[in-house]
Amino acid sequence: MHSIRNFFCGQWSSSARLDEKTVIITGANTGIGKETARDLAKRGARVIMACRDMAKAEAAKKEIVQDSGNQNVVISRLDLSDTKSIREFAELINKEEKQVNILINNAGIMMCPYSKTVDGFEMQFGVNHLGHFLLTFLLIDLIKRSAPARIVIVASVAHSWGSIRLDDINSEKSYDTAKAYCQSKLANVLFTRSLAKRLQGTGVTVYSLHPGVVQSELWRNLSTPMQMAVKVSRPFTKTSVQGAQTSIYCAVAPQLEKESGGYYSDCAPARCTRAASDDEMAQKLWELSCQMLGITWD
């Protein structure tokens, strides 16, 4: 079985170091976020694990420090479903950190029952897109001052089945858990495109990626038949370590230094759908996101 799985992914190897660099990873206490944090800690980075559950984060941090021998790993509370929490986190980072060289927008939720964030956004769109949109906005000046810097956005091949419903962005007229998830992942890819354009010439580059179909806690909301299907397909899925490889590649690969705005899968450039390359929709989504969050980001 191992050979099948290795055929799909394997580990990306590079000796690139990140000494003297600071990395922020959202949702770093579990799954691919945790494995990304572990890898970047081993490369010597100062790793800030931005997590909602501080008890889990503390346990993950201990494990990573022990495993990497890097004491420069810190945890900080961030709840992406609450703009107040996002603002508090960003304020702390802007005050305490002299640089942020890599921001990895990794946290995500998948196919949850209908609910809303504290601010009234549909949960999947709110956390997966708007939360990270606001976080990036609040940190962008510090990131620019830290250039060369990178912003890595964990999207998904699920963007292929998504469409942005501008007239019902919060799925209030009708809610389909999978459609809402796909919409949020399409938003991730469109955000990457728009952001890359706006950051041209600043030394800050942006990447979105599909981590692969990963065995993770993300599946917890699936129905029993769906969970069975996931179990059956397990040999063809990735472990969290394998799932983290493309995030790590986008964060550190020297050959990507001059690339920006692209979409990656299995540690290589990949094709995204026509909907994900629609610059007009990307601009409309940008404007709507700013409006929903009450911010001005030109």
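Under the annotation held in an unreviewed UniProt entry, the chain carries the name NADP-retinol dehydrogenase and is attributed to Anguilla anguilla. As recorded by UniProt, the Pathway (unreviewed entry) comment attached to the chain reads in full: "Cofactor metabolism; retinol metabolism." Per its UniProt entry, the chain bears the Catalytic activity (unreviewed entry) comment "all-trans-retinol + NADP(+) = all-trans-retinal + NADPH + H(+)".

Draft legend 1. Main features of the packing of aromatic side chains. Scanning the model with the defined rule gives 10 aromatic pairs in all. Taken together, a centroid distance of 4.9 Å and an interplanar angle of 40 degrees make the contact between Phe133 and Phe191 tilted. You can see Phe133 sitting in helix H5 (residues 123-145) and its partner Phe191 sitting in helix H6 (residues 177-198), a full 58 residues away along the chain. With a relative accessible area of 1%, Phe133 lands in the buried category. Ring centres of Phe137 and Trp297 lie 5.2 Å apart, and the angle between their planes is 50 degrees; on these two criteria the pair is classed as tilted. Of this pair, Phe137 sits in helix H5 while Trp297 is found in the segment after helix H9 (279-293), placing the two residues 160 residues apart along the sequence. Given the relative accessible area of 22%, Phe137 is considered partly exposed.

Draft legend 2. Structural view of the side chain of Thr26. When you line up the elements, Thr26 lands in strand E1 (residues 22-26). Filtering out sequence-adjacent residues up to four positions away, Thr26 remains in contact with Ala50, Leu78, Leu80, Ile104, Asn105, Asn106, Ala107, His132 and Leu135.

Draft legend 3. Representation of H6 within the structure. Helix length check: H6 (22 residues) gives 32 Å between terminal C-alpha atoms against 32 Å at 1.5 Å per residue, within 8%. Among the residues of H6, the N-terminal cap falls to Asp176, whose side-chain oxygen and the backbone nitrogen of Ala178 are separated by 2.9 Å.

Draft legend 4. Spotlight on unusual backbone geometry. In this model, Ala147 is joined to Pro148 through a cis peptide bond whose omega is 0 degrees. One non-glycine residue, Ser171, lies in positive phi territory at about 50 degrees. Mapped onto the secondary structure, Ser171 falls in the loop between strand E5 (149-154) and H6. Take Ser171: its relative accessible area is 4%, and that puts it in the buried class. In this structure, Cys267 is a non-glycine residue whose phi angle is positive, near 55 degrees. By relative accessible area, Cys267 is classed as buried at 19%.

Draft legend 5. Highlighting the side chain of Thr136. Along the chain, Thr136 falls in helix H5. Beyond its immediate chain neighbours, meaning those up to four positions away, Thr136 contacts Leu103, Asn105, Ile151, Phe191, Leu195 and Trp297.

Draft legend 6. Molecular detail of the nonpolar core. Among the nonpolar cores identified, the biggest contains 55 residues, and Ile24, Ile151 and Trp297 are the most heavily contacted of them. Put simply, the parts of the chain that give this core at least two residues each are strand E2 (46-51), helix H4 (83-96), H5, E5, H6, strand E6 (204-210) and H9. The leading source of residues in this core is H5, at 12 residues. Residues in contact with Trp297, not counting those within four places in the same chain, are Phe133, Thr136, Phe137, Ile140, Phe191, Leu195, Arg198, Trp286 and Cys290. Listed in part, the 33 residues of the second largest apolar core include Ala60, Val152, Tyr207 and Ala253.

Draft legend 7. Summary view of the pairing of strand E4 (residues 102-105). Every second residue of E4 is oriented toward a common face, with Ile102 and Ile104 on one face and Leu103 and Asn105 on the other, all of them buried. Strand direction decides the pairing type here: E1 and E4, joined by 3 bridges, are parallel. Residue pairing for E4: Ile24 is matched across the bridge by Leu103. When E4 meets E5, the two strands line up parallel, connected through 4 bridges.

Draft legend 8. Spatial organisation of the sheet that holds E1. Strands sit in the order E3-E2-E1-E4-E5-E6-E7-E8 across an open sheet of 8 strands; the sheet is mixed. Whereas interior strands pair on both sides, the edge strands pair on one side only; in this sheet they are strand E3 (73-77) and strand E8 (268-269). Across 5 bridges, the pairing between E1 and E2 is parallel. Note on E2: the bridge partner recorded for Val23 is Val47. Across the sheet, helix H3 (residues 54-68) is in contact with E2 and E3; its angle to E3 comes to roughly 170 degrees. Along the sheet, H5 makes contact with E1, E4, E5 and E6, crossing E4 at roughly 175 degrees.

Cut-offs applied
- Residues numbered from 1 in each chain as written.
- Predicted model: local features only at pLDDT ≥ 70, side-chain atom pairs only at ≥ 80, totals over all residues.
- Heavy atoms only, no water.
- UniProt positions renumbered as here; feature names shortened; annotations may be inferred.
- Phe/Tyr/Trp six-rings, centres within 6.5 Å; stacked < 30°, edge-to-face > 60°.
- Helix = DSSP H or I, 4+ residues; strand = E, 2+ residues; numbered from the N terminus.
- Buried < 20%, exposed > 50% of the residue type's maximum accessible area, 1.4 Å probe, protein only.
- Contact = heavy atoms within 4.5 Å.
- Expected span 1.5 Å × (residues − 1).
- Polar contact = N/O pair within 3.5 Å; in protein donor to acceptor, adjacent residues only side chain to side chain.
- Core = buried A, V, L, I, M, F, W, Y, C linked by side-chain atoms within 4.5 Å.
- Pairing = 2+ DSSP bridges.
- Axes fitted to C-alpha atoms, helices over the stretch in contact; angles between N-to-C directions.

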